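Report on the structure
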Amino acid sequence: MTSRHELDVSREGEGRTPPAQLIAREGGHRRGDDAFHARWVDALTALELDVADAEASLTGDHTPERRDPWTPPEGLGPMPAALRTRAEALLERQTEVARQITEAASMSRRQARAVQAMRANGPARPVYVDMAG
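Now for a look at the structure at hand.

About the cut-offs
In every chain, residue numbers begin from 1 and rise along the written sequence. The predicted nature of this model means local features are confined to residues of pLDDT at least 70 and side-chain atom pairs, given and counted, to a pLDDT of 80 or more, with totals for whole chains, interfaces and linings taken over all residues. Excluded from the side-chain calculation are hydrogens and water; included are all heavy atoms of the structure. In this analysis, axes come from line fits to C-alpha atoms, helices being fitted only over the stretch in contact, and the angle between any two N-to-C directions falls in the range 0 to 180 degrees. Only DSSP runs of H or I covering at least 4 residues are called helices, and only runs of E covering at least 2 are called strands; the numbering of each starts at the N terminus. Note that the term roughly parallel is reserved for angles under 35 degrees, roughly antiparallel for angles over 145, roughly perpendicular for angles of 65 to 115, and oblique for everything else. A clockwise turn of the near helix away from the far one marks a right-handed crossing, whereas an anticlockwise turn of less than a right angle marks a left-handed crossing. In what follows, residue pairs with any heavy atoms lying within 4.5 Å of each other are defined as contacts. Three labels apply to residues, based on accessible area from a 1.4 Å probe with only protein chains included: buried if under 20% of the type maximum, exposed if over 50%, partly exposed otherwise in between.

1. Here we look at the packing of helix H3 (residues 35-59) against helix H4 (residues 84-120)
- Interhelical geometry of H3 versus H4 gives an angle of 25° and a closest axis separation of 10 Å. Relative to H4, the element H3 is oriented roughly parallel. Our pair here, H3 against H4, has a crossing hand that is left-handed. For the pair H3 and H4, contact is made by Val41, Leu44, Thr45, Leu47, Glu48, Val51, Ala52, Ala54, Glu55 and Leu58 and by Arg86, Ala87, Leu90, Arg93, Gln94, Val97, Gln100 and Ile101, respectively.

Have a look at this one:
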């Protein structure tokens, strides 16, 4: 089973910035004097890891571990302006994953109907035509 940290590292080569590097890039807002910002960074990181799980499941390389749905932390307050770009990028990823999941589900239903139609006709039986007469 892939841990959340390992999943994050495995996705580095795909043009996405791992959450730990995002934190560093945003000025290392992990100091005690900026706990508010750090709570938002943690919340976005949790969502990014969930999206990364969903993206990996679409490629067939990974089956996400079953866990409780994400809920916003209590008392999070308004998002710091410095995190807006990161949140917008996350929303774009979530929207794209949702679109891909919808497309995959639709294709799966079409394939299931095609298989069912083949079964409804029964097994193919040989047909002989008497050409001589």
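2. Considering the environment of glycine 77
- On the secondary structure map, glycine 77 appears in the loop between H3 and H4.
- For glycine 77, a relative accessible area of 42% corresponds to the partly exposed category.
- For the pair formed by glycine 77 and phenylalanine 36, sequence separation is 41 residues and the distance between their alpha carbons is 8.3 Å.
- Not counting chain neighbours up to four residues away, the residues in contact with glycine 77 comprise Phe36 and Trp40.

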